[in-house]
Amino acid sequence: MAKGDAVCARELAVGYDGRALIHGIGFEVRRGEIVALIGPNGSGKSTLLKTLARQLAAVAGTVWICGGELRALSGRALATRMAVLLTDRPRPELMTCRDVVAMGRYPYTGRMGTLAREDEEKVEAALQAVHAADLAGRDFNAISDGQRQRVMLARAICQEPEVIVLDEPTSFLDIRHKLELLGILRRMAREQGIAVVMSLHEIDLAQKVADRVMCVKGEMPGRFGPPAEVFDEAAVRELYGIDRGFYDARFGSVELPRPEGEPQVFVLSSCGTGIPVYRALQKAGVPFAAGVLYANDVDYQLARLLASEVIVAEPFEPVGGALIRRALDCMRTCGRAIDAGVKLGSCNAALRALVEEAGRMPAFEL
């Protein structure tokens, strides 16, 4: 285990009843780093996290947590090093949200579990950190799933761990609270040096928040590295078995399949003006062509996924006559055109011929 690593696994095999579902796992999580596990349902992400949290015994291999071998740590020692937030939803009876958060301080209290003033202050600070101070006096079982998730995160924060393990922490949260929760984890990792290991179904969020990503599918772990190295369209397609639709690694978005058939309408656009038109045509099931688009135009990034045909120009180069003729031929074959808004400049001045031709064609109503 290298200096600076909070979690280290070597030759780890995880599974149930002595049978390995995944083997040959080796990785490390550095202090201040967020590692996200991604992969389809049933791929073993939760099994791996439960093994790290010692809720399941490892089938083989070794795990170290902050320098101590996992299986050798006492319960109290592990609780002061690691906080765990898994998908199991606790249902404590007659406990307020403050009581639940205060449970995070129990590894630091005596046998009677009495909280000192300092402990109470940490409870309040944890509730404030997740914007749940207004829930403190409410019955934990009488709040929403999303609110419970925030309270459980406050309990983990209150525990002052060096490692936090979370299984699908953004489940049941609306977009605002997803962003808040991930922002809190990002800040804790950066400012307090806490190592975060979590599974996420939202791969777009994993791409944006994680320092490194591990792909989990099959008997052996897949790619493990920075998001820029892990996320590409082919890798995500293979990981999730996507045979219809697309994952756009550049923007971290999932796209439904393009409409099938020959293009029926030609779309002129630039600088993002075509994106709402492309989506409207896709929803209506209308195949379309797009152009002339520069390869570095934001419209091109979506058109290449949704359009039946895209006519592309090299960035920063003048749009030549051959491309204009090809676009005019395509537009006339379609018979209808939509001018979503083209910004003309010195390099693409030739597009004016397309704009003028589009204006002479029958209007296409979305």
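Computed from a predicted structure; not experimentally measured.

**Student:** Go over the overall build of the protein chain, please, and point to the residues and values.
**Tutor:** The secondary structure content of the protein chain amounts to 13 helices and 16 strands. Relative to the compact-globule value of 21 Å for 366 residues, the protein chain shows a C-alpha radius of gyration of 26 Å, a clear excess of over 25%. For the protein chain, the spread of C-alpha atoms along the three principal axes comes to 85 × 45 × 35 Å. Put simply, the protein chain has 366 residues, and 50% of those count as buried. Restricting to contacts in the protein chain with at least 6 residues of sequence separation, those with at least 24 account for 65%. Surface summary for the protein chain: the accessible area is close to 17,300 Å², and the carbon and sulfur share equals 51%. Here the protein chain carries 45 positive and 47 negative side-chain charges, and the mean point of each set is 2 Å from the other.

**Student:** Before we move on, can you summarise the packing of aromatic side chains with the specific residues and values?
**Tutor:** Under the defined criterion, the tally for this structure stands at three aromatic pairs. Between the aromatic rings of Tyr278 and Phe288, the centroid separation amounts to 5.2 Å while the plane-to-plane angle is 15°, which identifies the pairing as stacked. Taken together, the residues span a long stretch of sequence, with Tyr278 in helix α10 (residues 275-284) and Phe288 in strand β14 (residues 288-294) at a distance of ten residues.

**Student:** Could you give an account of the layout of surface pockets, with specific residues and numbers?
**Tutor:** Estimates place the volume of the largest pocket at around 360 Å³. Lining the largest pocket are 17 residues, and of these Gln55, Ala83, Val84, Leu85 and Arg155 sit closest to its centre. Top contributing element to the lining of the largest pocket by residue count: strand β6 (residues 82-85), with four residues. Here the lining of the largest pocket is composed, by residue class, of eleven nonpolar, four polar and two charged. Looking at the second largest pocket, its volume works out to about 220 Å³. Around the second largest pocket sit 14 residues that line it, and Ala126, Ala129, Ile157, Met188 and Gln192 are the ones nearest its centre. For the lining of the second largest pocket, the secondary-structure elements that each account for two or more residues are α4 (117-129), α5 (145-158) and α6 (175-192).

**Student:** Quick one: what's the story with α10, residue by residue and with numbers?
**Tutor:** Among all positions of α10, only Val277, Tyr278, Leu281 and Gln282 are buried. Seen along its axis, α10 keeps its buried residues to an arc of 135°; they face one direction. Those residues of α10 that are exposed and angled more than 90 degrees off the buried face are Pro276, Lys283 and Ala284. If you follow the buried residues of α10, they end up packed against β13 (265-268), β14, α11 (298-306) and β16 (337-339). Immediately downstream of α10, the backbone of Gly285 shows phi near 75°, a positive value.

**Student:** Can you tell me about the environment of Glu357, naming the residues and giving the values?
**Tutor:** Relative to the assigned elements, Glu357 resides in helix α13 (residues 352-360). Judged by its relative accessible area of 12%, Glu357 is buried. Remark: the alpha-carbon pair of Glu357 and Arg336, spanning 21 residues in sequence, is separated by 9.9 Å. When neighbours within four sequence positions are excluded, Glu357 is seen to be in contact with Leu328, Met331 and Arg332.

**Student:** Go over the side chain of Lys178, please, and point to the residues and values.
**Tutor:** Along the chain, Lys178 falls in helix α6. By relative accessible area, Lys178 is classed as buried at 15%.

**Student:** Tell me what's going on with the sheet that holds β13, and back it up with residues and numbers.
**Tutor:** Spatially, β15-β14-β13-β16 is the arrangement adopted by the four strands of the open sheet, whose pairing is parallel. Because the sheet does not close on itself, it has two edges, and the strands there are β15 (309-313) and β16. Going from strand to strand, the sheet's axes swing by 15° on average, the running direction of each strand aside. Of the strand pairs in this sheet, β13 and β16 are connected by three bridges, and their pairing is parallel. Bridge pairing in β16 places Leu268 opposite Asp339. Packing against the sheet, α11 makes contact with β14 and β15, and its axis sits at approximately 150° to β14. Lying on the sheet, α13 is in contact with β13, β14 and β16; it crosses β13 at an angle near 135°.

**Student:** Outline the sheet that holds strand β3 (residues 34-38), listing residues and values.
**Tutor:** Pairing within the open sheet is mixed, and its six strands lie in the order β6-β7-β8-β3-β9-β10. The sheet is open, and its two borders are formed by β6 and β10 (224-225), each paired with just one other strand. The pairing of strand β9 (residues 212-215) with β10 spans two bridges and is antiparallel. Opposite Val213, over in β10, you have Gly225 as the bridge partner.

**Student:** How would you sum up the pairing of strand β8 (residues 195-199)? Please name residues and give values.
**Tutor:** Extensive coverage of β8 is indicated by the burial of five of its five residues. Across the two faces of β8 the burial is the same, with Ala195, Val197 and Ser199 and Val196 and Met198 all buried. With four bridges joining them, β3 and β8 adopt parallel strand pairing. Counted as the bridge partner of Val35 is Val197 from β8.

About the cut-offs
- Residues numbered from 1 in each chain as written.
- Predicted model: local features only at pLDDT ≥ 70, side-chain atom pairs only at ≥ 80, totals over all residues.
- Heavy atoms only, no water.
- Helix = DSSP H or I, 4+ residues; strand = E, 2+ residues; numbered from the N terminus.
- Rg over C-alpha atoms; globule rule 2.2 N^0.38 Å.
- Buried < 20%, exposed > 50% of the residue type's maximum accessible area, 1.4 Å probe, protein only.
- Contact = heavy atoms within 4.5 Å.
- Areas by Shrake-Rupley, 256 points an atom, 1.4 Å probe, with all protein chains shown as cover.
- Lys, Arg positive; Asp, Glu negative; His and termini not counted.
- Charge placed at Lys NZ, Arg CZ, Asp CG, Glu CD.
- Phe/Tyr/Trp six-rings, centres within 6.5 Å; stacked < 30°, edge-to-face > 60°.
- 1 Å grid on protein atoms, 1.4 Å probe; cavity = no way out; pocket = protein on both sides within 12 Å on 5 of 7 lines; lining within 4 Å.
- Points joined across faces, edges and corners; volume = space filled by probe spheres on them.
- Nonpolar A, V, L, I, M, F, W, Y, C, P; charged D, E, K, R; others polar.
- Arc of directions from axis to C-beta.
- Pairing = 2+ DSSP bridges.
- Axes fitted to C-alpha atoms, helices over the stretch in contact; angles between N-to-C directions.

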